[in-house]
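Structure assessment
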Amino acid sequence: MLMGMLASTALVLATVGIHYEALRLVSALLPHLRIRPRARIIVIIIGAFAAHTVEVWLYALGFLLLDRFAGLGYLTGDTVSEFSTYLYHSTVTYSSLGYGDLVPHGALRLVSGVEALNGLVMIGWTASFTYLAMEKLWDLHPRRSHKR
């Protein structure tokens, strides 16, 4: 249980750091881009999606290490002993989709639960960041007169 808590803490700290730096980088990059406001929003979404992808892969690597190398848990269900299984589990867990076709045991149970909460927070952070960015960029859209 202690190793699961330590692994969960390390993964949460890493994902918060990754997310912060990705959004900070996007924020610093936006003013220097000579593209339309709509395209800037796309840059924000791509940057955030890239951060989420790295975070999901990080959790998948954590599951792999806890299972194969530390022997602290395993997945049951329709599993294949490949990294893609851990990646799939991490994706459905992070997004809180939770199909339930893979079931974590041992320390992976705790880490999976923390990943779901962590994913929810990161997705919420992205939504908030995107909203604030759109609010700033909205006034940059050209005004159209509506003549009837």
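Please refer to the structure higher up on the page.
The shown structure was predicted, so the numbers you read here are calculated from the model rather than taken from an experiment.

Let's talk about the overall build of the protein chain
- Summing up its helical and strand segments, the protein chain has four helices and two strands in all.
- Ordered by position from N to C terminus, the α and β elements of the protein chain give α-α-β-α-β-α.
- For a compact globule of 148 residues, the expected C-alpha radius of gyration is about 15 Å, and the protein chain comes in at 19 Å, more than 25% above that figure.
- Each of the three principal axes of the protein chain carries a C-alpha extent, and together these read 65 × 30 × 20 Å.
- Here the protein chain, with 148 residues, has 36% of them falling under the buried criterion.
- Counted over contacts in the protein chain with a minimum sequence separation of 6, partners at least 24 positions apart contribute 72%.
- Across the protein chain, the centroid of the 12 positively charged side chains sits 22 Å from that of the 9 negatively charged ones.

A word on the pattern of salt bridges
- Evaluated as defined, the whole model comprises one salt bridge.
- A salt bridge links arginine 24 to glutamate 21; the nearest nitrogen and oxygen atoms lie 2.8 Å apart. Note that arginine 24 and glutamate 21 are positioned in helix α1 (residues 2–29) at a spacing of three residues, about one turn of the helix.
- With a relative accessible area of 43%, arginine 24 lands in the partly exposed category.
- Exposure remark for glutamate 21: the relative accessible area of 38% places this residue in the partly exposed category.

Some words on helix α3 (residues 83–94)
- An ideal rise of 1.5 Å per residue puts 16 Å on twelve residues; α3 measures up with 16 Å between its terminal C-alpha atoms.
- By the burial criterion, the buried members of α3 are Thr85, Tyr86, Leu87, His89, Ser90, Val92, Thr93 and Tyr94.
- Serine 96 occupies a position one or two residues after α3 and carries a positive phi of about 60°.

Regarding the nonpolar core
- Counting residues in hydrophobic clusters, the biggest one holds 16 residues, and the most contacted among them are Tyr59, Phe63, Leu66, Leu75, Tyr86, Leu108 and Val111.
- Residue assignment for this core shows that the elements contributing at least two residues are α1, α2 (37–69), α3 and α4 (107–138).
- Among the elements that line this core, the one with the most residues is α2, at six residues.
- Contacts of leucine 108, omitting those with residues within four sequence positions, involve Phe63, Leu66, Asp67, Leu72, Gly73, Tyr74 and Leu75.
- Counting residues in each nonpolar core, the second largest holds nine residues, with Leu30, Ile41, Ile44 and Leu137 among its members.

Calculation criteria
Residues numbered from 1 in each chain as written. Predicted model: local features only at pLDDT ≥ 70, side-chain atom pairs only at ≥ 80, totals over all residues. Heavy atoms only, no water. Helix = DSSP H or I, 4+ residues; strand = E, 2+ residues; numbered from the N terminus. Rg over C-alpha atoms; globule rule 2.2 N^0.38 Å. Buried < 20%, exposed > 50% of the residue type's maximum accessible area, 1.4 Å probe, protein only. Contact = heavy atoms within 4.5 Å. Lys, Arg positive; Asp, Glu negative; His and termini not counted. Charge placed at Lys NZ, Arg CZ, Asp CG, Glu CD. Salt bridge = Lys/Arg side-chain N within 4 Å of Asp/Glu carboxyl O. Expected span 1.5 Å × (residues − 1). Core = buried A, V, L, I, M, F, W, Y, C linked by side-chain atoms within 4.5 Å.

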